[in-house]
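So the chains spell out like this:
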Amino acid sequence: MAIVLSGKEVAAKINQETKEKTDQLRQKNIIPRLQIIRVGERTDDVYYQKSLEKACEATGIDCSVKVLDEQIGQKGLEEQLTKAADDPLIHGILLFSPLPKGYDLAAAVSLIPVAKDVDCLNPLSSGAIFTGCGDAYPPCTAAAVMEMLKFYGAELEGRAVTIVGRSLVVGKPLAMLLLAQNATVTIAHSYSEDLPAICRRADVVIAAAGRAKMFRGNFFTPGQVAIDVGINDDPDNPGHICGDIEYETAEQIVAAISPVPGGVGSITSAILCAHVADACSKSSEQD
Ligand code: NAP
């Protein structure tokens, strides 16, 4: 039976550190603040917003939400982003995406200053993560995977890590974070040939394809660490979520595995709060 890499304990540790930081800031009358901007009423966005509001409250961060009518248009959205960018009392900005049809996401996120870009939306932040130069926050999900590996003491230096998925939110930045830890990284995707063999060769397999239970027993070998980033509707259990890994099969083979739910996803909000607290702390040092 594999060790279960639960995200709850990881998130609790990060949240405790964040709370200590925000308590210190608040003692100096500095209030860490996140500005969420969302356009329209997508159910996913409203759900995500509520979970972030809870996470912020628990870690001493003020979270304000600007809900914009779908009709506001690109100019109206950009005005709000510029306002948040210029406001010294706002330390982190999060624009929910996808935006409704007709909006230019790239133009919008370019207005988020890197110092306030707590989920790496602006390509300038990605550039800093990819070059290793400058001070930017990596995407929260990629950072959540790294925190999970660190918390459970997974060795990365010199180890083979396969990531399945090459999105800008997960796969690509995660590869850079792993390289920075001297891992030997393979990025696989939908054109990769013999994916199970590529995964079997790795010491650590990170599943981020967004395909429910695609990673079956033939993807794994004994001794591996398996991290599941996927969040999918469970085809076998409607109304519930599942990961990319067929958990019941994989856990019989690998040494350690992260579950879904209760794995990487539980750490993501904690990372976002940590980024806001850090951004606030850095801005207060400059004052
Ligand atoms: P995405 O943008 O759809 O990217 C999926 C990646 O997986 C693509 O690179 C795609 O390859 C690859 N892929 C898809 N099907 C494949 C297959 N059959 N074989 C090999 N590779 C395949 O998704 P994402 O935003 O990166 O998210 C990935 C998963 O993580 C989703 O389930 C998402 O819900 C979840 N997620 C979780 C969190 C969290 O907090 N835990 C946060 C964000 C996302 P190509 O590039 O060739 O198309």
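Residues numbered from 1 in each chain as written. Predicted model: local features only at pLDDT ≥ 70, side-chain atom pairs only at ≥ 80, totals over all residues. Heavy atoms only, no water.

Trainee: Pulling in residues and values, what's your account of the pairing of strand β7 (residues 204-207)?
Mentor: Side chains of β7 alternate between two faces, with V204 and I206 and V205 and A207 buried alike. Here four bridges tie strand β5 (residues 160-164) to β7, and the two strands are oriented parallel to one another. Residue T162 lies in a different strand from β7, and its bridge partner there is V205. Bridge analysis of β7 against strand β8 (residues 225-228) gives four bridges, and the strand direction is parallel. Residue pairing for β8: A207 is matched across the bridge by D228. (Buried < 20%, exposed > 50% of the residue type's maximum accessible area, 1.4 Å probe, protein only. Helix = DSSP H or I, 4+ residues; strand = E, 2+ residues; numbered from the N terminus. Pairing = 2+ DSSP bridges.)

Trainee: Please give an account of the sheet that holds strand β2 (residues 33-39) that cites residues and values.
Mentor: Across a sheet, paired strands are connected by hydrogen bonds in the backbone, their directions being either parallel or antiparallel. The strand order β3-β2-β4 describes an open sheet built from three strands, whose pairing is parallel. Either end of the sheet is taken by a strand with one partner, and the two such strands are β3 (62-68) and β4 (92-95). Geometrically, the sheet is characterised by an average inter-axis angle of 20° between neighbouring strands, direction not taken into account. Relative to β3, β2 is paired through seven bridges, and the arrangement is parallel. Pairing of I37 across the sheet is with K66, part of β3. (Axes fitted to C-alpha atoms, helices over the stretch in contact; angles between N-to-C directions.)

Trainee: Break down unusual backbone geometry for me, with residues and values.
Mentor: That bond from S97 to P98 is cis: its omega, 5°, falls within 30 degrees of zero. Turning to its location among the elements, P98 is positioned in the loop between β4 and α4 (105-109). A cis amide bond, omega 0°, links V260 with the succeeding residue P261. A positive phi angle, near 60°, is found at N29, a position not held by glycine. What makes N29 exposed here is its relative accessible area of 70%.

Trainee: Go over the packing of helix α6 (residues 140-151) against helix α10 (residues 265-286), please, and point to the residues and values.
Mentor: Axis separation between α6 and α10 bottoms out at 8 Å; the angle between their running directions is 105°. For the element pair α6 / α10, the angle class is roughly perpendicular. Residues C140, T141, A143, A144, E147 and M148 of α6 touch α10, and the partners they reach there are I267, T268, I271, L272 and H275. Split by residue class, the contact of α6 with α10 holds seven nonpolar, three polar and one charged. (Parallel < 35°, antiparallel > 145°, perpendicular 65-115°, else oblique. Contact = heavy atoms within 4.5 Å. Nonpolar A, V, L, I, M, F, W, Y, C, P; charged D, E, K, R; others polar.)

Functional significance is not addressed by these values, which are geometric in nature.
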